[in-house]
Amino acid sequence: MTADAVFAAALDTAQRTATAINQFSSTEEVGLDTAYATQHALIARRLARGERLTGLKLGFTSQAKAQQMGVSDVTIGTLTDAMRLDDDAVFDRRSAIHPRIEPEVAYLLASDIDGTDIDGAGSGRPLAAVIAAVAPALEIIDSRYRDFRFSLADVVADNTSAAAYVVGPWTPFDRAGALDNRAVTLEVDGRISATGSTAAILGDPGRAVAAAARLAARHGFTLRAGSILLAGAATAAVPLPDDGTVEATIAGLGRVGIRTRSRADSLAQKGS
Ligand code: OOG
Ligand code: MG
């Protein structure tokens, strides 16, 4: 087996058993191409078990995230239906290793996009031609690596720490207005734990679409009509509470929430 297949298997087991593993880079010299090959092999394993692709996610599009994790390049990762939760649904804390949560802007793609498609990245289709709707979203990230520490190649191989996501109500893109400076609030158990602005996301989260198109073309991903793109968190991530509630609000777009449970009895009593 090649290094990417071996490591994809290890990352897959780490996620399924909620057990942290050593960083890929602790034993190998890993380049970005091998890291993306590993991520593709990891997702291929999940698809072989019946999961379906639902979209893509960008990472480290804000300074807040780049500084928190010490990674400064924008990354791209994969979302599947097994990661998707309904608004205000319960996330079983026991399925994760050391989960964190962060507020996101979600885009719903109106058409397939390729690397040269977007305004500013080639032929110049306006955003409104490729984006159907926008929504507030939450992402749960859970590095499969010990101590939530990684190099750029490590985190790319680990599907950029993707664990779960929840999307709030969609607003049609043409009615959402400018999204370049909206207040973002993250609340844990009713208390504000992070605040920021959508401006933190590449200056304007709309730029995430062109960035995703470029990264997708370079690293073998496709942006499909009807799929979701998470633009990357505007604030640093915070620890996911064991038994609690988390809510993200984006001014003018609304709110989205999640509940967490860490014990079998609390899942049975309060679940669904
Ligand atoms: C990697 C995921 C980064 C974002 O929104 O910037 C990310 C991590 O921080 O573990 O999802
Ligand atoms: Mg994220």
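Use the structure listed above.
This text gives an overview of the structure that appears in the document. All figures in this text were calculated on a predicted structure; none of them were measured in a lab.

## With respect to the environment of Phe91
Okay, step 1: Among the structural elements, Phe91 can be located in strand 4 (residues 90-92).
Okay, step 2: Residues within four places of Phe91 in sequence aside, it is in contact with Leu85, Ala96, Ile140, Ala164, Leu240, Ile258, Arg259, Thr260 and Arg261.

## What about the sheet that holds strand 10 (residues 191-197)?
Okay, step 1: One open sheet holds the 5 strands; their spatial order is 4-14-13-9-10, and the pairing between them is mixed. Taken across any chain shown, the strands that pair with only one partner, and hence form the sheet edges, are strand 4 and strand 10. When strand polarity is set aside, the average angle formed by the axes of neighbouring strands in this sheet is 20°.
Okay, step 2: Sheet topology note: the strand 9 (residues 183-188)/strand 10 ladder contains 6 bridges and is antiparallel. If you follow Val184 over to strand 10, its bridge partner there is Gly196.

## Concerning the site of ligand 1
Okay, step 1: Residues in close proximity to ligand 1 total 17 residues, the closest being Phe60, Lys65, Glu102, Ser161 and Ala233.
Okay, step 2: Between ligand 1 and Ser161, the relevant distance is 2.7 Å, taken from an oxygen atom to a side-chain nitrogen or oxygen of the residue.
Okay, step 3: Measuring from an oxygen atom of ligand 1, one finds a backbone N or O atom of Ala233 at 2.8 Å.
Okay, step 4: The fraction of the free accessible surface of ligand 1 (320 Å²) that becomes covered by protein chains is 100%.
Okay, step 5: Secondary structure elements with two or more residues in the shell around ligand 1: strand 1 (53-59), helix 3 (63-69), strand 5 (100-109) and strand 6 (131-141).
Okay, step 6: The dominant element in the shell around ligand 1, judged by the number of residues it contributes, is strand 1, at 3 residues.

What counts and what doesn't
- Residues numbered from 1 in each chain as written.
- Chains lettered and ligands numbered in written order.
- Predicted model: local features only at pLDDT ≥ 70, side-chain atom pairs only at ≥ 80, totals over all residues.
- Heavy atoms only, no water.
- Helix = DSSP H or I, 4+ residues; strand = E, 2+ residues; numbered from the N terminus.
- Contact = heavy atoms within 4.5 Å.
- Pairing = 2+ DSSP bridges.
- Axes fitted to C-alpha atoms, helices over the stretch in contact; angles between N-to-C directions.
- Near = heavy atom within 4 Å.
- Polar contact = N/O pair within 3.5 Å; in protein donor to acceptor, adjacent residues only side chain to side chain.
- Areas by Shrake-Rupley, 256 points an atom, 1.4 Å probe, with all protein chains shown as cover.

Purely geometric stuff here, so don't read any function into it on its own.
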